[in-house]
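So you can see what is in the structure, the chains are spelled out below.
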Amino acid sequence: MARLSIRHETRYDYQRPVAFAPHRLLVRPRDSHAIRVVDAVLTLSPPGEVRWLYDALGNSVCSFTPLGERDSLSIVSELVIERFPAQLSDPRVEDPRTATPIVYAPADRAVLSPFVDPVTEDAEEDLLRWVREQMGSPHEPALDFLLRLNRAIHSGFEYQPRDLGAAQEPAQTVRLRSGTCRDFAWLMVEALRRLGYAARFVTGYIYCPDREQVRGAGATHAWCEAFLPDLGWTEFDPTNALAESPDLIPVAAARTPQDAAPVSGAIYGDPGDTRLTVHVDVRAADSLPAAA
């Protein structure tokens, strides 16, 4: 078990004061057998109406409506969590359905179907051609294929940090052969769906004591989860070639990247120039004096 301290700060600065519509915040992990939230403080400026709820996928959502007009919006989430990792080491998957192609039980299929159907277009079939290039023996176990695909994205694409903007279309990522963590996660999700896998987009944090060895440090992170019989939802981080790593701290899972945005909402008025600043710090809680 590891105890970690997480500080996630999001700040919008506007040239002119604006009013605010309701905002949707995904900044708190849901307690589970893998994560326990020990302490949580959410500091919001300007203040406003706050309501907590679980969405249709069980994500912990804060609905926040800032009051009045301001020239800035600040959202600071401070967490202390306990992480109970279950590393993917020598899994003895004996279910014959966990092979290539994957086959889901009818009961699972009824729940998983929204995560099996692709969302994005591939008019020029760039993504489909790339997926076909990754295919191996028809007898390759599904888990072996997923680990191989995870490594292929990590080694075959150039990582380029990008703070702003939505995730690229997977076909565009294939053409560019570059992207950031959300682009690689979305590429893996949509590639797997075209092969009949249930896959979803996950956003959260990554713990990296040595930042030089990890891509995506200092910001929110994104990866892919695929559903396998006998294993359930299994994490794959193609940005760092990680699988079921204790360093991955999931906050929200969704069908698309847009549905998993840490902060989403709207403003009223003309803000003029807008600046967004995001900073994430994840460290061992015992290293902080306040945690003693």
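Structural notes, computed from the coordinates. Quick caveat, the model's predicted, so the values are computed rather than measured.

What counts as what
Residues numbered from 1 in each chain as written. Predicted model: local features only at pLDDT ≥ 70, side-chain atom pairs only at ≥ 80, totals over all residues. Heavy atoms only, no water. Helix = DSSP H or I, 4+ residues; strand = E, 2+ residues; numbered from the N terminus. Rg over C-alpha atoms; globule rule 2.2 N^0.38 Å. Buried < 20%, exposed > 50% of the residue type's maximum accessible area, 1.4 Å probe, protein only. Contact = heavy atoms within 4.5 Å. Areas by Shrake-Rupley, 256 points an atom, 1.4 Å probe, with all protein chains shown as cover. Lys, Arg positive; Asp, Glu negative; His and termini not counted. Charge placed at Lys NZ, Arg CZ, Asp CG, Glu CD. Expected span 1.5 Å × (residues − 1). Pairing = 2+ DSSP bridges. Patch = residues over 30% accessible without salt bridge, like charges linked within 9 Å, V, L, I, M, F, W, Y side chains within 5 Å. Salt bridge = Lys/Arg side-chain N within 4 Å of Asp/Glu carboxyl O. Core = buried A, V, L, I, M, F, W, Y, C linked by side-chain atoms within 4.5 Å.

**Let's talk about the overall build of the protein**
So, point 1. Of the regular secondary structure elements, the protein holds five helices and 16 strands.
So, point 2. Whereas a compact globule of 292 residues would reach a radius of gyration of roughly 19 Å, the protein reaches 20 Å, a difference of no more than 12%.
So, point 3. Dimensions of the protein, computed from the C-alpha atoms along their principal axes, are close to 60 × 50 × 40 Å.
So, point 4. Here the protein holds 292 residues, and 47% of them are scored as buried.
So, point 5. Taking all contacts inside the protein whose residues are at least 6 apart in sequence as the whole, residues at least 24 apart take part in 73%.
So, point 6. On the protein, roughly 14200 Å² of surface is accessible, and the fraction owed to carbon and sulfur atoms is 49%.
So, point 7. Across the protein, 30 positive and 41 negative side-chain charges occur, with their mean positions spaced 1 Å apart.

**A few points about helix H5 (residues 181-193)**
So, point 1. Spanning 13 residues, H5 covers 18 Å between terminal C-alpha atoms, matching the ideal 18 Å at 1.5 Å per step.
So, point 2. With respect to burial, H5 is a largely interior element, 13 of its 13 residues being buried.

**Let's talk about the sheet that holds strand S14 (residues 263-264)**
So, point 1. One open sheet holds the four strands; their spatial order is S4-S5-S2-S14, and the pairing between them is antiparallel. Only two strands of the sheet have a single partner each, and these edge strands are strand S4 (48-54) and S14.

**Let's talk about a nonpolar patch on the surface**
So, point 1. Side chains of Leu164, Leu276 and Val278 sit close together on the surface and give an oily, nonpolar patch of about 230 Å² of accessible area.
So, point 2. Checked against the element boundaries, Val278 lands in strand S16 (residues 274-284).
So, point 3. Overall, the relative accessible area of 35% leaves Val278 in the partly exposed class.

**Overview of the nonpolar core**
Soluble globular proteins tend to bury their nonpolar side chains together.
So, point 1. Counting residues in hydrophobic clusters, the biggest one holds 39 residues, and the most contacted among them are Tyr104, Leu127, Trp130, Leu146, Leu192 and Tyr197.
So, point 2. Residue assignment for this core shows that the elements contributing at least two residues are helix H1 (106-116), helix H2 (126-134), helix H3 (142-156), helix H4 (170-176), H5, strand S9 (199-206) and strand S10 (221-228).
So, point 3. Element by element, the count of residues in this core is highest for H5, at nine residues.
So, point 4. Contacts of Leu192, omitting those with residues within four sequence positions, involve Phe145, Leu146, Leu149, Tyr197, Ala199, Cys224 and Ala226.
So, point 5. Counting residues in each nonpolar core, the second largest holds 28 residues, with Tyr14, Ile35, Phe64 and Val282 among its members.

**Brief notes about the pattern of salt bridges**
So, point 1. This structure, assessed with the given rule, holds 18 salt bridges.
So, point 2. For Glu9, the salt bridge identified is with Arg7, shortest N-O distance 3.5 Å.
So, point 3. Using a relative accessible area of 25% as the deciding quantity, one classes Glu9 as partly exposed.
So, point 4. On the basis of relative accessible area, Arg7 is assigned to the partly exposed category, the value being 33%.
So, point 5. Put simply, Asp270 and Arg16 hold a salt bridge, and the shortest N to O gap is 2.9 Å. A residue pair is termed long-range when its members are at least 10 positions apart, and Asp270 in the loop between strand S15 (267-268) and S16 and Arg16 in strand S1 (residues 2-20) qualify at 254 residues.
So, point 6. Linked by salt bridges that have partners in common, Arg3, Arg36 and Glu82 make up one network.

**Observations concerning unusual backbone geometry**
Negative phi is the rule for most residues except glycine; trans is the rule for most peptide bonds.
So, point 1. Cis geometry is found at the peptide bond from Ser45 to Pro46, where omega equals 5°.
So, point 2. Among the structural elements, Pro46 can be located in the loop between strand S3 (35-45) and S4.
So, point 3. Notably, Glu244 is not glycine yet its phi reads approximately 45°, a positive angle.
So, point 4. With respect to the element layout, Glu244 can be found in the loop between strand S12 (242-243) and strand S13 (248-254).
So, point 5. On the basis of relative accessibility, which here comes to 18%, the residue Glu244 falls in the buried class.

Keep in mind that these numbers describe shape and distance, not what the molecule does.
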